[in-house]
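Below, each chain spelled out in residue letters.
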Number of protein chains: 2
Amino acid sequence: MTAPSGRRERKKAATRQKIADTALRLFLERGYDAVGIREVAAEADVAVTTLFSHFASKEALVFEQDEDFEQRLTQAVTGRAPHELLIPALRSEVQALVRHCTADSAAPIWRMIDESPALRKYEESMRLRHAETLATAIAADPELSRTATASRTIARFVIDAYSLAREAAEPQAAVDEIFGMIEAAWEATRPSRRT
Amino acid sequence: MTAPSGRRERKKAATRQKIADTALRLFLERGYDAVGIREVAAEADVAVTTLFSHFASKEALVFEQDEDFEQRLTQAVTGRAPHELLIPALRSEVQALVRHCTADSAAPIWRMIDESPALRKYEESMRLRHAETLATAIAADPELSRTATASRTIARFVIDAYSLAREAAEPQAAVDEIFGMIEAAWEATRPSRRT
DNA sequence: GACCGTAGCACTAACGGTTAGCTTTTAAAA
DNA sequence: TTTTAAAAGCTAACCGTTAGTGCTACGGTC
């Protein structure tokens, strides 16, 4: 029960991947709204219930690897070198993430997302989850020692930076501009010391 | 056609109000998820299609007067006294909004919202709409003259302040804390002058 | 006051995402 | 091998939402 040793896991992962690939392909070919769940399931040769045992909702099919995103952000906090400053670390991670999702190859997917209200909504609440996770990581860092509110706030601001930059005319420049503001906000929360 | 003169409008408004009141009552009595649209319509004595001609979705029944919220925020920008500073004006407006929705009388409604994922999602995307509206108001103010990105960013931050403070242990204090950060971020965007 | 145009509402029937209940397959453990 | 439980399947339904179609009554016009 504690040592899951192989084949079953591989098959499950394969099924999951096949569903995700099929879904994305159909969505890009004919539009997200024009493709039904029953159709995706049929094309991936699985039952509808199987599809929903792998993905919580139709929208989740599109944001298949959103956990990567979440982990990269928290990694930027928890995995940074000793005494490496928080904001610059987050800035370069967000820079990378924005570059990644404004790349030409990702364009059709994001166009699809922007065009579907359901997908936009889903992404928005995903971002809030990510902000909460990031806030927890920031609040847990003993080097930083900020209040819970300050941690949550900065986390939100960082996620906002990602979201705003992605939609800006010049994403890279927008990241820099917004992080200038975040840097200032962060400095304003520096706890007063007695040293 | 241009002079809507009375009875029809009153009847329509009455129907709308009756639906909203009935829905809210049922939702609070038995829980948002436990009450179906068909049931709300029956209790309000209208057809389901009528209900949907007044409200775009089930969630919209709960956020009936969200336009007030939006207008109060933009008013805080466009309607402030000459030379009155932007951030303090927004701060007191957000302070008022937070006080309003953390009042005891509003508690059951917000508890209901917090407990329903659908309602949370809906509120989240509502907030993004509000942020965009606010951003437009800020960008349009000639006294401020900030970039489009800076305007959007500050607008997001302000909406974040509202949302974070509402959930904080001490909402009023949280507003002050977050607005301290926003103030700093805003200062960082001050356009360089040649005076 | 009679006459249209149309806004508001009703009804039925359906569509699409999602879930519950129950059975079958199949990998892993004994 | 036998047992067990996870993974997958099928059916049938629930619920929010919408299309299609008509009826009714109000508002403006002659």
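Because the structure is predicted, anything quoted here is derived from the model rather than measured.

**Q** Which parts of the structure should I look at to understand the protein's contact with DNA strand C?
**A** For DNA strand C, the set of nearby residues contains 25 residues, the closest of which are K58(A), T15(B), A47(B), T50(B) and H54(B). Near the protein, meaning within 4 Å, the atoms of DNA strand C are sugar or phosphate in a fraction of 61%, with bases accounting for the rest. For DNA strand C, a phosphate oxygen lies 2.7 Å from a polar atom in the side chain of K58(A). Here a phosphate oxygen of DNA strand C sits 2.7 Å away from a polar atom, N or O, in the main chain of A47(B). Those elements giving two or more residues to the surface near DNA strand C turn out to be helix 1 (7-30), helix 2 (37-44) and helix 3 (48-54) of chain A together with helix 1 (7-30) and helix 3 (48-54) of chain B.

**Q** How should I be thinking about the packing of aromatic side chains in this particular structure?
**A** Pairs of aromatic rings are described using the distance from one ring centre to the other and the angle between the two planes. Inspection of every chain in the model, using the stated rule, returns seven aromatic pairs over all chains. The ring of Y32(A) carries the charged tip of K58(A) above its face, separated from the ring centre by 4.3 Å.

**Q** Looking at this structure, I do not really get the environment of R30(B). What am I missing?
**A** Residues and elements named next belong to chain B. For R30, the position within the fold is in helix 1. Among the residues examined, R30 registers a relative accessible area of 40% and is labelled partly exposed. Once residues lying within four places of it in the same chain are set aside, the contact partners of R30 are V35 and E39. Among the polar contacts made by the side chain of R30, one reaches the side chain of E39 at a distance of 2.6 Å.

**Q** What am I meant to see in the relation of the copies chain B and chain A here?
**A** The operation relating the two chain copies consists of a rotation about an axis and a shift along that axis. Mapping chain B onto chain A calls for a rotation angle of 180° and an axial translation of 0.0 Å; the resulting RMSD is 0.2 Å. Both copies are brought into coincidence by an operation consistent with a two-fold rotation axis. Of the interface residues in chain B, 100% have counterparts in chain A that sit at the interface too, so the contact is made through matching surfaces.

**Q** Sorry, what's going on with the protein's contact with DNA strand D here?
**A** Around DNA strand D there are 25 residues in total, and A47(A), T50(A), H54(A), R8(B) and K58(B) lie nearest to it. Contact distances for DNA strand D include 2.9 Å between a phosphate oxygen and a side-chain N or O atom of T15(A). Here A47(A) contributes a backbone N or O atom positioned 2.8 Å from a phosphate oxygen of DNA strand D.

**Q** Is there a simple way to explain empty space enclosed by the protein in this structure?
**A** Summary: where empty space remains is shown by rolling a probe the size of a single water molecule over the atoms. Scanning the model with the defined rule gives one cavity of 30 Å³ or more in all. What the largest cavity holds in volume is close to 190 Å³. Lining the largest cavity are 15 residues, with L128(A), D160(A), R127(B), L128(B) and D160(B) positioned closest to its centre. Looking at the lining of the largest cavity, the elements with two or more residues in it are helix 8 (117-140) and helix 9 (148-167) of chain A together with helix 7 (117-140) and helix 8 (148-167) of chain B. For the lining of the largest cavity, the element with the highest residue contribution is helix 7 of chain B, accounting for five residues. Taken together, the residues of the lining of the largest cavity break down into six nonpolar, one polar and eight charged.

**Q** Just checking my understanding: could you explain helix 10 (residues 171-187) of chain A for this structure?
**A** It helps to recall that an α-helix has 3.6 residues per turn; residues three or four apart then point in one direction. Between its first and last C-alpha atoms helix 10 of chain A spans 24 Å; for 17 residues at 1.5 Å apiece the expected length is 24 Å, and the two agree. Buried residues of helix 10 of chain A: P171(A), A174(A), V175(A), I178(A), F179(A), M181(A), I182(A), A184(A), A185(A) and W186(A), and no others. Contacts from the buried residues of helix 10 of chain A go to helix 6 (86-101), helix 8 and helix 9 of chain A together with helix 8 and helix 9 (171-187) of chain B.

**Q** Quick question: what am I supposed to make of the interface of chain B and chain A here?
**A** The accessible area lost on association of the parts is a frequent measure of interface size. Each side of the interface is counted separately: chain B has 28 residues, and chain A has 28 residues. At the boundary of chain B with chain A, total buried surface from both sides reaches about 2,400 Å², with 64% on carbon and sulfur atoms. When residues of chain B are sorted by the area they lose upon contact with chain A, K121(B), R156(B) and M181(B) head the list and together hold 26% of the total. One can count three salt bridges joining chain B with chain A. As a salt-bridge pair, D160(B) and R156(A) come within 3.4 Å of each other at their nearest N and O atoms. Our count for the chain B to chain A interface comes out at six residue pairs in polar contact (both at pLDDT 80 or more). Counting only elements with at least two residues in the side of chain B that touches chain A, the list comes to helix 7, helix 8 and helix 9 of chain B. The element that contributes the greatest number of residues to the side of chain B that touches chain A is helix 8 of chain B, accounting for 10 residues. Looking at side-chain class alone, the side of chain B that touches chain A contains 13 nonpolar, seven polar and eight charged residues.

Thresholds applied
- Residues numbered from 1 in each chain as written.
- Chains lettered and ligands numbered in written order.
- Predicted model: local features only at pLDDT ≥ 70, side-chain atom pairs only at ≥ 80, totals over all residues.
- Heavy atoms only, no water.
- Near = heavy atom within 4 Å.
- Polar contact = N/O pair within 3.5 Å; in protein donor to acceptor, adjacent residues only side chain to side chain.
- Helix = DSSP H or I, 4+ residues; strand = E, 2+ residues; numbered from the N terminus.
- Phe/Tyr/Trp six-rings, centres within 6.5 Å; stacked < 30°, edge-to-face > 60°.
- Lys NZ or Arg CZ within 6 Å of the ring centre and 35° of its normal.
- Buried < 20%, exposed > 50% of the residue type's maximum accessible area, 1.4 Å probe, protein only.
- Contact = heavy atoms within 4.5 Å.
- Least-squares fit on C-alpha atoms with pLDDT ≥ 70 in both.
- 1 Å grid on protein atoms, 1.4 Å probe; cavity = no way out; pocket = protein on both sides within 12 Å on 5 of 7 lines; lining within 4 Å.
- Points joined across faces, edges and corners; volume = space filled by probe spheres on them.
- Nonpolar A, V, L, I, M, F, W, Y, C, P; charged D, E, K, R; others polar.
- Expected span 1.5 Å × (residues − 1).
- Buried area = accessible area lost by both parts, 1.4 Å probe.
- Salt bridge = Lys/Arg side-chain N within 4 Å of Asp/Glu carboxyl O.

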